[in-house]
Amino acid sequence: MNNLDSDLPTPVILTELEKGVIEEIKEHGGENIDRCIQCGKCAGSCPVALAGFLWFNKRFIHALTLGIKEEILDIPSPWACVSCNKCTEICPRDVKPFEVVFALRRVLVEELAMPTLTMEGLRTLYEYGHAVYQTTYPETRKKVGLPEKPPTTLAYPEALEELRALLRETKLGEIGLIPME
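Description of the structure in this document. These figures come from a predicted structure and were not determined experimentally.

This part takes up the pattern of salt bridges. A side chain with one charge may pair with a side chain of the opposite charge, provided their charged atoms come close. Here the structure, examined in full by the defined rule, presents 13 salt bridges. We note a salt bridge from Asp94 to Arg35, for which the minimum N-O separation is 3.2 Å. With Asp94 in the loop between helix 6 (86-90) and helix 7 (97-110) and Arg35 in the loop between helix 2 (16-27) and helix 3 (41-45), this pair connects stretches of sequence that are 59 residues apart. Relative accessible area serves as the criterion here: at 34%, Asp94 is assigned to the partly exposed category. One salt bridge in this structure joins Glu127 and Arg123, with 2.7 Å as the shortest N-O distance. Of this pair, Glu127 and Arg123 both sit in helix 8 (residues 116-128), 4 residues apart, which is roughly one turn of that helix. Overall, the relative accessible area of 31% leaves Arg123 in the partly exposed class. Each of Glu23, Lys26 and Asp34 takes part in salt bridges that share partners, so that together they form one network.

With that settled, consider helix 5 (residues 57-65). Within helix 5, burial applies to Asn57, Phe60, Ile61, Ala63 and Leu64. Summarising the axial view, the buried residues of helix 5 lie within an arc of 165 degrees, below the 170-degree limit, and thus occupy one face. In the stretch just after helix 5, Gly67 is the one whose phi turns positive, near 85 degrees.

Look at helix 5 against helix 7: their axes get within 10 Å of each other, and the N-to-C directions meet at 65 degrees. The two elements helix 5 and helix 7 meet at a crossing, and its hand is left-handed. Between helix 5 and helix 7, the contacting residues are Asn57, Phe60, Ile61 and Leu64 on the first element and Pro97, Val100, Val101 and Leu104 on the second. When its residues are assigned to classes, the contact of helix 5 with helix 7 shows 7 nonpolar, 1 polar and no charged.

As a further point, take the environment of Leu122. For Leu122, the location among the structural elements is in helix 8. For the pair Leu122 and Val132, spaced 10 residues apart in sequence, the C-alpha separation works out to 9.0 Å. Not counting residues within four places of it along the chain, the set of residues in contact with Leu122 comprises Met114, Leu172 and Ile178.

Further remarks concern the packing of aromatic side chains. Applying the stated criterion across every chain yields a total of 4 aromatic pairs. Ring geometry for Trp55 and Phe60: centres 5.3 Å apart, planes at 35 degrees, overall tilted. For the ring pair Tyr133 and Tyr137, a centre distance of 5.3 Å and an interplane angle of 85 degrees mean the geometry is edge-to-face. Among the aromatic residues, ring-to-ring pairing joins Tyr128, Tyr133 and Tyr137 into one connected group. The ring of Trp55 has Arg59 lying over it, and the distance from NZ or CZ to the ring centre is 4.3 Å. Residue placement shows Arg105 over the ring face of Phe102; its charged tip is 4.2 Å from the ring centre.

A positive phi angle, near 70 degrees, is found at Asn85, a position not held by glycine. With respect to the helices and strands, the residue Asn85 is situated in the loop between helix 5 and helix 6. You will see that Leu112, though not glycine, has its phi angle at about 55 degrees, which is positive. Relative to the helices and strands, Leu112 is located in the loop between helix 7 and helix 8.

With 14 residues, helix 7 ought to run about 20 Å at 1.5 Å a step, and its terminal C-alpha atoms sit 20 Å apart, in line with that. Among the 14 residues of helix 7, 11 are classified as buried, and the element is accordingly described as predominantly covered. Taken residue by residue, helix 7 has Pro97, Phe98, Val100, Val101, Phe102, Ala103, Leu104, Arg105, Val107, Leu108 and Val109 as its buried positions. The positive-phi residue at the C-terminal boundary of helix 7 is Leu112, with phi of around 55 degrees.

Criteria and cut-off values
The written sequence of each chain sets the order in which its residues are numbered from 1. This being a predicted model, a pLDDT of at least 70 is required before a residue's local features are given, and a value of 80 or more before pairs of side-chain atoms are given or counted; all residues contribute to the totals for chains, interfaces and linings. The basis for every side-chain value is the complete set of heavy atoms in the structure, and neither hydrogens nor water enter the calculation. Salt bridges are defined as contacts in which a side-chain nitrogen from Lys or Arg sits within 4 Å of a carboxyl oxygen from Asp or Glu. A run of DSSP states H or I qualifies as a helix once it reaches four residues; a run of E qualifies as a strand once it reaches two. Both are numbered from the N-terminal end. For every residue, the accessible area (1.4 Å probe, protein chains only) is compared with the maximum for its type, and the residue is labelled buried under 20%, exposed over 50%, or partly exposed between those bounds. As used here, the arc belongs to the directions running from the helix axis to the C-beta atoms. Each axis is a line fitted through C-alpha atoms, taken for helices only over the stretch in contact, and angles between the N-to-C directions span 0 to 180 degrees. Crossing handedness is defined as follows: a turn of the near helix away from the far one that is anticlockwise and smaller than a right angle gives a left-handed crossing, while the clockwise case is right-handed. Any two residues whose heavy atoms approach within 4.5 Å are treated as being in contact. Nonpolar residues are Ala, Val, Leu, Ile, Met, Phe, Trp, Tyr, Cys and Pro. Charged residues are Asp, Glu, Lys and Arg, and all others, Gly as well, are polar. Here a pair means two rings of Phe, Tyr or Trp (six-membered ring of Trp) with centres within 6.5 Å. Their orientation is stacked below 30 degrees between planes, edge-to-face above 60, and tilted elsewhere. Lysine NZ or arginine CZ positioned within 6 Å of the ring centre and within 35 degrees of the ring normal marks a charge as sitting over the ring. To estimate the expected span of a helix, count its residues, drop one, and scale the result by 1.5 Å.

This is the structure:
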């Protein structure tokens, strides 16, 4: 062995279980996860990383490609993603980090590893068409001269019913995580 060989990092050999994590992410929408070279461009544009969360797109992708899953089940920052999609636009390898984070969210839903506020957000999304909604909003809107209902699913019952039908067709409906009547 020459000196050049001794300077090379030791290759990581994944077990079948660890490879399963990558396949699970791919099956849930993160098809390009194994294209990541950890360049960090996604992290440089990520509002979650810039806000100081310790876990953000690049770290999740790194952990998942190493087969680490159990350790990240209780980390709330996948739910902090604001869906800006900047990470996908800047990625030079077409990893689509946004889709990997959302694939991770789908896995977390199946594992029932979601923060309480996420459950509340899903419930109000189904009920009102908004993940964040308070029953005092109509009165507040009326006080400032706005219609009681914003021009969203709240004002269009057929749109709200369409949203509910879509949600019933998702994994959320299958799992029965929130009441969907």
